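Residue-level structural notes
Spelled out from the first residue to the last, the chains are:
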Amino acid sequence: MRELFHHLWNAVRSDRLAIFGLSVLCILITLALLAPIIATHDPTEMNYRAEGSALWIEGGQTYLDAGVTEYSLRSVATDDGGFTAVGEKGTIAVYRGTRADGTWEIIDTGHEATLRSVAVDTGTGGAPALAVGDGGLILYRDGMGAWHREHAPGDHSLNGAALAASARTAGEVLRLAVGEVGTVLVSRVDSRGKSLDGATAVTPWERIPPGVTRDLLDVALADDAFGFVVGQRGTILRWNGTDLEAMESPTFRDLLAVAVRDRDYALAVGERGTVLLWDGQVWSEMSGPLSRSLRSVSIGEDGRAIVVGNFGDMMALENGAWRRLDSGYDRHFRGSTVVGEAYLAVGTDPYVNALASPSRDHLFGTTHNGRDIFSQVLYGGRTALAIGFLAAIMVTVIGTNVGLVSGYFGGRTDSVLMRIVDIMYALPLEPFAMILVLVWRPGVGVIILAVGLLTWRTTARLIRSQVLSIVRRPFVKAARMAGSGHARIMYVHIAPNVLPLTFLQLAVAMAFAITAEATLSFLGLGPPRLYSWGTILHQARLSGAWRTAWWWIVPPGVLIMITVVSVFFVSRALEVVANPRLRRQ
Amino acid sequence: MQNVILRRVAGAVFTMWIILTILFFLFRLGLPDPTVALVSDGLSPDDRAIVMQRFGLDRPLHEQYFIYLRNAVTGELGRSFHYNAPVAGLIGERFLNTIVLMIPALILSYTIGPLLGVMLAWKRGSKLEVGGITTGLVLRSAPMFWTGMLAVMVFGIWFGWFPTSGMRTFPYTATGFLDKILTVDFLRHLIMPTIVITLYYTGLPMLIMRNTMLEVMGDDFIEFAHARGLGARRVMYRHAARNALLPVITQLAITVGLAAGGQVVVEVVFSWPGLGLEMFNAVRTSDYPLAQASFMLLAGLVLLMNLIVDMIYTWLDPRISFSSEGGR
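**Description of the overall build of chain A**
Helix and strand counts for chain A stand at twelve helices and 30 strands. For 585 residues, the compact-globule estimate of 2.2 N^0.38 gives 25 Å, and chain A exceeds it by more than 25% at 37 Å. Seen along its three principal axes, the alpha-carbon backbone of chain A occupies a region of about 125 × 45 × 40 Å. A total of 585 residues make up chain A; the buried ones form 56% of that total. For chain A, the exposed area adds up to about 24,600 Å²; of that, 54% sits on carbon and sulfur atoms.

Written out as structure tokens, the structure is:
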């Protein structure tokens, strides 16, 4: 036995391709064993990603500006010469220019709290802007263009901001902020952002006694004496210039956003696709094509409107009817604005990072439900190698024994066994495995059984023919004379002579078993909860994404190929030991 | 000669009988309730009784077995649950679709493979030989379904050179099978899957041909042919190759069986409406009669093709000594 291994090792050592193959196999086995350590993610876990992104919708096309900031953007408003968006971690992102040609500038405000809403009054000189957020954070950009913090009475989180120029006094600006538990804050400032009496440096925000205790979620103004506030459970309040009055609402669902163009036209949206229309007299419910929560609504000068929501939901109101827009992305959008003929939406809260191409986070990208392919491939290697090895062992054990018995006894035993081998050659593997799955169910057992039952045929034939030539040799006859039993002669005297061939067949069987496992798993016949290279490709096919997501189908296939070809390289060297005829060449 | 053919046919019939028997026992004994394999769930009790009676499911097991064999021979294979139509009518055309994809690819690989093998043996020791062997091994190790997926992605989607699924572009009108396949559109659909199958199966005959060529080239008659002053090309291709061909033919017989199984994945990847895809769908929808009949037909196809290969072998080498090499 030791001598045999010595022979085999020498054969491998003298063949450069075989050394290469053996090294690659060692690496693959190491990777498979260490999979839990090397894997960067749990292969079954969906991966989420949060980022501040903007999406342009123009002429039926969408253009994504992914990853403008690291943090989710919550709201956006049209600004002088561009837009201003706000988001988590006090982020303010300013865009200047047109869609095709423009740049984002990120303003570091130094605040940790999330900014939830931003409003800009482009009608007033210097375009004052107001951003509000969690913990009562208020940031104001005065006519000079600098953002500074203002202190709110109380620390209730603020969800909505609006501002409008005064109709009576030039340069005077009305500002409104609404938030949780019925918080409504009002303040009036001059163009330089100073309070009107000019007395104090700290801008006085005045708290209006809340008529409600529900959370107020958004506010919009047509002018300084007309606007709406919306909130939980269908709350709608009207701003009349000095205070708020409750309005009759056609819904009990939470209203998440409101937009007002003038005193005769306003829209409010909310949970479960709720859309409300203000026609100057009453609020009434409209029917729209979306059924999930709608997070933001904006109205353009010409009356067109855009509504956005989670999972890339979008619809536009054009010529009096809502039309669903295909954003092409699963990202969540929270803010919107109308830009001439185009629309702009910003987001995105943690969304399923589906079909991401390779990046530093995900070395081989992600699947259609955001699973990490690199980790799947690593774990898949374990399954592929383990099943391949088990099946190959089974094939070799059955094949060698059948070959030994068949060749040793000959006669009727031989013809019956070889008849069975012939039948095995007529059974196509994949269809046979499918029948097994039909009778039982997909799993490791079915794969090993199918490969094991059908592919010992070649091993049996080859071992048999070698046994046939050994049986006639004198030492076998001598053993028989000495009174050795059949089993002893077969396993003690003959078997060692066919061992090199058995090892060769083990290698060939392993190459075949790995391919077969991949093929059967690709057909969905493998264990459903266990990743193997074939299963990964099966899921890629099922998702339909395999036609474009190259990062999903290339790695598992390349690994199958490398593994099998390495086994081939090694087996070529073993062949020289097993088949003495080749040694002469 | 005739005797040999008769013996081969008898052997094939015997094998088919065994396969049918295995199938019978798998379905009757493997399933907790064998009736699910033949009787659709949604049937009314009356219809159920009729089907049960037709397949003899109310009789003892051995009688069921003979009814099953009789049905298999007469083509009474039950009704597909999914299509609610007799299975026999469904799989006829699928079978032709499978043949029309499989046979050209096999012929191609077993023509190109041996020719390349001769060349490798001829250029023995050169870089070409090492490259050829490595390429052959690599092609054999890339699973067909994967190369198929890559081909669809690269040449079908990115470059848009070839259609990616089916046999014809919809909508089309064809009155018969020949009418359907004798078009340029069909050829365009055929090219990609054919190349994928051919690439996979070319490696083995090439390598086997090279090995046997190297053995044959040491034989006396080759040296004699050289000595007679025949050209090198003529000696290689006419004298040596002809004698080295037998192991390749043996391998062809084995490959036929593998190809009939491998056909399933190719048809799945290319949505080729053949027997393999039909069976794949039948297994997914637990359409037992359809799956069973598809399997019988695929096994029958393997036997038939093996029979043909046997004939070729007998014709090439009247000594008919079977031995196998290499592949599984």
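**What about the sheet that holds strand β11 (residues 147-151) of chain A?**
Residues and elements named next belong to chain A. Within the open sheet, the four strands sit side by side as β8-β9-β10-β11. Their pairing is antiparallel. This sheet does not close on itself; its edge strands, each paired only once, are β8 (115-120) and β11. On average, adjacent strands in this sheet sit at an angle of 25° to one another, irrespective of strand direction. The pairing of β8 with strand β9 (residues 129-133) spans five bridges and is classified as antiparallel. Counted as the bridge partner of Ser117 is Val132 from β9.

**Points about unusual backbone geometry**
All names here are of chain A. The phi torsion at Val181 lies on the positive side, around 35°, for a residue other than glycine. The topology assignment puts Val181 in the loop between β13 (173-179) and β14 (183-189). Overall, the relative accessible area of 39% leaves Val181 in the partly exposed class.

**With respect to empty space enclosed by the protein**
Here the structure, examined in full by the defined rule, presents two cavities of 30 Å³ or more. Each pocket or cavity is described by its volume, and for the largest cavity that value is around 430 Å³. If you trace the largest cavity, you find 28 residues lining it, with A:Phe512, A:Thr515, B:Tyr200, B:Tyr201 and B:Leu258 closest to the centre. Mapped by element, the contributors of at least two residues to the lining of the largest cavity are α6 (429-439), α9 (486-522) and α11 (550-578) of chain A together with α6 (144-158), α8 (184-217) and α10 (232-269) of chain B.

**A short note on the packing of helix α2 (residues 16-33) of chain A against α11(A)**
Residues and elements named next belong to chain A. Running from amino to carboxyl end, α2 crosses α11 at an angle of 135°, the nearest separation of the two axes being 8 Å. Taken together, the axes of α2 and α11 are oblique relative to one another. The hand of the α2/α11 crossing is left-handed. Across the interface between the two elements, Leu17, Ala18, Phe20, Gly21, Leu22, Val24, Leu25 and Leu28 of α2 pack against Leu559, Ile562, Thr563, Ser566, Val567, Phe569, Val570 and Ala573 of α11.

**Let's talk about a nonpolar patch on the surface**
A cluster of nonpolar side chains, namely A:Trp550, B:Phe155, B:Ile157, B:Trp158, B:Phe159 and B:Trp161, defines an oily patch on the protein surface of about 640 Å² accessible area. When residues of the nonpolar patch are assigned to their parent elements, the largest contribution, three residues, is made by α6(B). Checked against the element boundaries, B:Phe155 lands in helix α6.

**Describing the interface of chain A and chain B**
Contacts between the two partners involve 53 residues from chain A and, on the opposite side, 59 residues from chain B. At the junction of chain A with chain B, the criterion picks out zero salt bridges. For the pair chain A and chain B, the number of links is four residue pairs in polar contact (both at pLDDT 80 or more). If one sorts the elements of the side of chain A that touches chain B by residue count, α11(A) sits on top with twelve residues.

**A short note on the pairing of strand β20 (residues 255-262) of chain A**
Residues and elements named next belong to chain A. As judged from the six bridges shared by β20 and strand β21 (residues 265-270), these two strands associate in the antiparallel manner. Note on β21: the bridge partner recorded for Asp262 is Tyr265. Hairpin connection between β20 and β21: a loop of two residues separates the two successive antiparallel strands.

**Focus: the nonpolar core**
The tendency in soluble globular proteins is for nonpolar side chains to be buried as a group. Counting 194 residues, the largest nonpolar core has A:Ile494, A:Phe522, B:Phe145 and B:Met213 as its most contacted members. In terms of residue count, the dominant contributor to this core is α9(A) (20 residues). Here A:Ile494 is in contact with A:Leu404, A:Tyr408, A:Val467, A:Ile470, A:Val471, A:Val476 and A:Ile489, once residues within four sequence places are set aside. Listed in part, the 15 residues of the second largest apolar core include A:Ala259, A:Val269, A:Leu290 and A:Ile299.

**Some words on the pattern of salt bridges**
Across all of its chains, the model carries 19 salt bridges over all chains by this definition. The salt bridge partner of A:Arg238 is A:Glu245, with a shortest N-O separation of 3.6 Å. Classification of A:Glu245 by relative accessible area gives partly exposed; the value is 31%. A salt bridge links B:Arg8 to B:Asp310; the shortest N-O distance between them is 3.6 Å. Linking B:Arg8 in helix α1 (residues 2-30) with B:Asp310 in helix α12 (residues 288-316), this pair joins segments that are 302 residues apart in sequence. Through salt bridges with shared partners, a single ionic network connects A:Arg292, A:Asp313 and A:Arg324.

**Looking at α9(A)**
Residue and element names in this part refer to chain A. Helix length check: α9, at 37 residues, gives a terminal C-alpha distance of 44 Å against a target of 54 Å (1.5 Å per residue), a shortfall beyond 12%. Counting buried positions along α9 yields 27 of 37 residues, so the element is predominantly enclosed. Among the residues trailing α9, Gly524 stands out with phi positive, at a value near 80°.

**So, the domain arrangement of chain A**
Domains assigned within chain A are domain 1 (2-41 + 362-584) and domain 2 (75-85 + 117-328). Distance from the C-alpha centre of domain 1 of chain A to the C-alpha centre of domain 2 of chain A: 68 Å.

**Examining the environment of A:Thr367**
Residue and element names in this part refer to chain A. Summarising the element assignment, Thr367 is placed in the loop between β30 (351-352) and α4 (373-409). Considered as a pair, Thr367 and Trp546 are 179 residues apart in the sequence and their alpha carbons are 9.7 Å apart. Those residues in contact with Thr367 that lie beyond four places of it in its chain are Asn353, Ala354, Leu355, Ile373, Gln376 and Trp552.

**Some remarks on the side chain of B:Ser294**
All names here are of chain B. When you line up the elements, Ser294 lands in helix α12. Classification of Ser294 by relative accessible area gives buried; the value is 0%. Of note is the side chain of Ser294, whose polar atom sits 2.7 Å from the backbone oxygen of Leu290. Residues within four places of Ser294 in sequence aside, it is in contact with Ile91, Leu275 and Met279.

**Notes on the sheet that holds strand β29 (residues 342-347) of chain A**
All names here are of chain A. The four strands lie next to each other as β3-β2-β29-β28, forming an open sheet whose pairing is antiparallel. Every interior strand has two partners, whereas the edge strands, β3 (61-69) and β28 (333-339), have only one. Mean inter-strand twist for the sheet, computed between neighbouring axes without regard to direction, equals 20°. Bridge count for strand β2 (residues 52-58) against β29 is five bridges, and the pairing is antiparallel. Looking at β29, one finds that Trp56 is bridged to Leu344.

**Brief notes about a positive patch on the surface**
Residue and element names in this part refer to chain B. Together, Arg228, Arg234, Arg238 and Arg242 line one region of the surface with positive charge. As for its placement among the helices and strands, Arg242 is situated in helix α10. The exposure class assigned to Arg242 is exposed, which follows from its relative accessible area of 62%.

**Things to note about the packing of aromatic side chains**
On inspection of all chains with the given rule, the structure shows 28 aromatic pairs over all chains. Here A:Phe5 and A:Phe503 contribute two aromatic rings whose centre-to-centre distance is 5.4 Å and whose plane-to-plane angle is 70°, an arrangement assigned as edge-to-face. Here A:Phe503 lies in helix α9 and A:Phe5 lies in helix α1 (residues 2-13), a separation of 498 residues in the sequence. The exposure class assigned to A:Phe503 is partly exposed, which follows from its relative accessible area of 22%. An angle of 65° between the planes, with centres 5.5 Å apart, marks the rings of A:Trp56 and A:Tyr95 as edge-to-face. In this pair, A:Trp56 sits in strand β2 while A:Tyr95 sits in strand β6 (residues 91-97), placing the two residues 39 residues apart along the sequence. Judged by its relative accessible area of 4%, A:Trp56 is buried. A cation sits over an aromatic face here: A:Arg175 above A:Tyr140, 4.3 Å from the ring centre. Positioned above the aromatic ring of B:Trp122 is the side chain of B:Lys123, whose terminal nitrogen or guanidinium carbon lies 5.3 Å from the ring centre.

Rules and cut-offs
- The residue count restarts for each chain, going from 1 along the sequence in the order it is written.
- Working convention: letters from A go to chains and numbers from 1 go to ligands, in the order in which they are written.
- Given that this is a predicted model, residues contribute local features only at a pLDDT of at least 70 and side-chain atom pairs are listed and counted only at 80 or more, while totals for whole chains, interfaces and linings are drawn from all residues.
- Just so you know, side-chain values use all the structure's heavy atoms and leave hydrogens and water out.
- Each helix is a run of DSSP H or I of at least 4 residues and each strand a run of E of at least 2, with the numbering of both proceeding from the N terminus.
- C-alpha atoms define the radius of gyration, and 2.2 Å times the number of residues to the power 0.38 defines the globule rule.
- Burial here depends on accessible area, computed with a 1.4 Å probe over protein chains only, as a share of the maximum for the residue type. Under 20% is buried, over 50% is exposed, and the range in between is partly exposed.
- Here the accessible surface of atoms and residues is derived via Shrake-Rupley with a 1.4 Å probe, and residues count as covered only by protein chains that are part of the display.
- Pairing between two strands is assigned when DSSP locates at least 2 bridges connecting them.
- Angles run from 0 to 180 degrees between N-to-C directions of axes, and those axes are lines fitted to C-alpha atoms, restricted for helices to the stretch in contact.
- The way it works is a 1 Å grid over only the protein atoms, where trapped points that fit a 1.4 Å probe form a cavity and open points with protein on both sides within 12 Å along at least five of seven lines form a pocket, and then any residue with an atom within 4 Å of a point lines it.
- Grid points are joined across faces, edges and corners, and a volume is the space filled by probe spheres set on the points.
- Angle categories are assigned with fixed cut-offs, so that under 35 degrees is roughly parallel, over 145 is roughly antiparallel, 65 to 115 is roughly perpendicular, and the rest are oblique.
- Here a crossing is called left-handed whenever its near helix is offset anticlockwise from the far helix by less than a right angle, and right-handed whenever the offset is clockwise.
- Contacts are residue-level and defined by heavy atoms, with any inter-residue pair within 4.5 Å sufficient.
- Put simply, a patch holds well-exposed residues, over 30% relative accessible area, that have no salt bridge, with like charges counted together within 9 Å and Val, Leu, Ile, Met, Phe, Trp or Tyr side chains within 5 Å.
- Salt bridge, as used here: a side-chain nitrogen of Lys or Arg that lies within 4 Å of a carboxyl oxygen of Asp or Glu.
- Contacts described as polar in this section are N or O atom pairs within 3.5 Å, which, within protein, must combine one atom able to donate a hydrogen with one able to accept it, while residues neighboring in sequence count only if both atoms come from side chains.
- Buried Ala, Val, Leu, Ile, Met, Phe, Trp, Tyr and Cys residues form a nonpolar core when they are joined through side-chain atoms within 4.5 Å.
- In this scheme, a helix's expected span is set at 1.5 Å multiplied by one less than its residue total.
- For the purposes of this description, domain bounds are those given by an automatic or database domain assignment.
- A residue counts as positive if it is Lys or Arg and as negative if it is Asp or Glu; His and the chain ends are not included.
- Here the site of a charge means atom NZ of a Lys, CZ of an Arg, CG of an Asp or CD of a Glu.
- Geometry of aromatic contacts follows a simple scheme: Phe, Tyr and Trp rings, the Trp one being its six-membered ring, pair when their centres are within 6.5 Å, and the pair is stacked under 30 degrees between planes, edge-to-face over 60, tilted otherwise.
- Here, a charge over a ring means that NZ of Lys or CZ of Arg falls within 6 Å of the ring centre while also lying within 35 degrees of the ring normal.

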